[in-house]
Amino acid sequence: MNNLMKKKNNQESSSPSSDSCLSKYKKVYDLSLENPEAFWAERAETLVSWARKWDEVLQGDFNRREVSWFSGGRLNVSSNCLDRHLEKGCRNQAALIWQGENDDEVKVYTYQMLLTETCRFANVLKDKGIKKGDCVSIYLPMIPELVIAMLACARIGAVHSVIFCGFSSTALKNRIKDCGSKVFVTADTVARGGRIIPLKPNADGPLDECQSIRNCIVVRRSEKEISMVPGRDSWWHEEMAREGIGRYCEPVEMDAGDTLFMLYTSGSTGKPKGVLHSCGGYLTYVLHTCRTVFHFSENDIHWCTADIGWITGHSYSVYGPLGAGATILIYEGLPLYPEPDRYWRIVEKFGVTVLYTAPAAIRALMHFGAGLAGRYDLSSLRFLGSVGEPINPGEWNWYFKEIGHSKLPVIDTWWQTETGGIMLAPLVHPELCGPGGCSRPLPGIDAAVFTESGRETVPGESGRLVIRKPWPGMLKAVLGDGGRVQKMYFSSYPGVYDTGDSARRSGENVFQITGRLDDVIIISGHRLGTAEIESVLTAHRSVAEAAVVGIADSLKGQKIYAFVTVGKNVEQTPGLLGELRQYVQETIGPIATHSTIQYVSALPKTRSGKIMRRLLRKIASNDFHHFGDISTLADPSVITDLIEGKKRSS
Ligand code: WTA
């Protein structure tokens, strides 16, 4: 246990008010695990409006790996996010505030307006033949049309698959190829740091290869000319104009277990996996987390800075806060543009109450904009959240002092695409928490830390973070499953969900997350699979083999370090390294910038042909000692070559 955790535990047990807060949490938590079905039934009843109540709260368990929530229940998620607030008299309340990259570009949609626009686009989709269960891929920047398109899909029961618009050609192709989307929604361009960057042209190649896509609807964001394929491509504003504004779109009643959306995320294979989330379980769970962690009310202006192309944006820019009837703020641009005070200008301008961001953004703001926050009135803020990667003490302290003026607690939340919503957060006396040391499982979440052999760790001992009981926000399936869920999440320990993260737990059930245990790297809070980058590199004509690891980076958290062997007769020139770096950036997207690539004559492989990645991780991080057991290495002499190459390239 680190010192901070010790300090927290002492503080928690010494103050009477923290005692009562802790015992209240413990009581709710213990009850939730003693009778999970009663607990989740109460949550679903209180937080969600159902068209038909469920027959059974939970069917199945982790041992059979067939889990379904609220079966028999029927609901529509868009009507939970829109119509029900209108019924409560909130029609004029702001649902969505959009701040464009230009300061004077602002749009506000009331709940009524958001419903109207959602119905219009839902009708456009229906006119294109989209029905319940069809898939719609959405590749849009942070503009209101993105939220409207998602809610429109939810309204008619179509499954949306949002793709982060920072991905380009190959990464985009991997994310639309196998999901059978019929409609693709994109924008002509994207505003980034004062420049207008083409967006649709990234999709033209992948779209031509993707036979299932019949229509591509394009939002006009600039005056730039782009090519449109007659018969397939059309403009959003023309489609909406044809629709008029009057036609209400009846929400389609969905089974609780029907799919609400699909989101591709990185795992340990070259292909990103399409994680599916259900309507009833997912909505119940995100609303439970909004209530438990954020304590939302209708007066909140909630700003989650994550791009909606990632799960954080799905759950905490769209479905959670809109389901809870709060106001969401969406910002189109970059944190440092035009000046590094941009975030604080936005907080003051709109009176943001909840700021939910990532350590990567905090690092950038600290680095480039120290002292700037003090020029703004940030007194509207009541909550400072963090997500995506461990927040280190420097970042935590800066966020706490500079932004929270040492009054607002910093809430570090841990979760994953697969979990649907926040799983661990400092729920008890967060004001006593320090960086990374005081996360507790939310009520209903049976978290534990296991050793590799499946024994529960003793307090302070590191191991794998696992979840022992099903929860409603858990992924419903993985696209084209074929046993993938079983293999990916349940093969480490029978009947237990393996998160792939390492953690320590104190005697007080306080968790500290220490990082990923698999081949996933997190760059600026964005999850990328090393295998996906490797498959891009090996597709280059000069590369024979590639192995990618993540190394620490002071700004991005982690960055890409690749070891490559080149093909026969290919010269190992510095020019080729530059070309490969450029190629990775172009084919994956701007998040894959600043990678380092090193030539090697051979990769370190075990006798069974597996690449020994832990060795590569150490060498990439300039740690040339303590390689551990290397007896299975087929040719130990490669180590010298790797180290010398690393020293030369440093
Ligand atoms: C990491 C993002 C430490 C973790 C919501 C997890 C974190 C992966 C934290 C999921 C945190 C997320 N502290 N690590 N507070 N939050 N992670 O699917 O490794 O994009 O498994 O979901 O991010 O990334 P994903």
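One can find the structure itself at the top, above this paragraph.
Computed from a predicted model, the values in this text were never measured in an experiment.

With that settled, consider the packing of helix α8 (residues 169–176) against helix α9 (residues 200–209). Two packed helices can be described by the angle between their axes and the distance between those axes. Contact geometry of α8 with α9 gives a least axis separation of 9 Å together with a crossing angle of 40 degrees. In this view, α8 runs oblique relative to α9, as classed from their interaxial angle. Crossing of α8 against α9: the hand is right-handed. Here S169, L172, K173 and I176 of α8 lie close against α9, whose contacting residues are N202, A203, P206, L207 and E209. Considering only residue class, the contact of α8 with α9 consists of 5 nonpolar, 2 polar and 2 charged.

Of all residues adjacent to the ligand, which total 17 residues, the nearest are D412, T413, T417, R516 and R527. The contact in question runs from a nitrogen atom of the ligand to an N or O atom on the backbone of G388, over 3.1 Å. Within the complex, the protein chains bury 97% of what would otherwise be the 520 Å² of accessible surface of the ligand. Elements supplying a minimum of two residues to the shell around the ligand: α12 (311–323), β20 (410–413) and β27 (511–516). In terms of residue class, the shell around the ligand is made up of 7 nonpolar, 5 polar and 5 charged.

A few words now on the environment of Y561. Locating Y561 in the fold gives a position in strand β31 (residues 557–566). Each C-alpha atom, one on Y561 and one on I643, is 14 Å from the other, the two residues being 82 residues apart in sequence. If we skip the residues at most four places from it in the chain, Y561 touches A547, V548, V549, I551, T596, Q598, A620, K646 and S649. A polar contact is formed between the side chain of Y561 and the side chain of Q598, at a distance of 2.6 Å.

Reading the values: rules and limits
- Residues numbered from 1 in each chain as written.
- Predicted model: local features only at pLDDT ≥ 70, side-chain atom pairs only at ≥ 80, totals over all residues.
- Heavy atoms only, no water.
- Axes fitted to C-alpha atoms, helices over the stretch in contact; angles between N-to-C directions.
- Helix = DSSP H or I, 4+ residues; strand = E, 2+ residues; numbered from the N terminus.
- Parallel < 35°, antiparallel > 145°, perpendicular 65-115°, else oblique.
- Left-handed = near helix turned anticlockwise from the far one by under 90°.
- Contact = heavy atoms within 4.5 Å.
- Nonpolar A, V, L, I, M, F, W, Y, C, P; charged D, E, K, R; others polar.
- Near = heavy atom within 4 Å.
- Polar contact = N/O pair within 3.5 Å; in protein donor to acceptor, adjacent residues only side chain to side chain.
- Areas by Shrake-Rupley, 256 points an atom, 1.4 Å probe, with all protein chains shown as cover.

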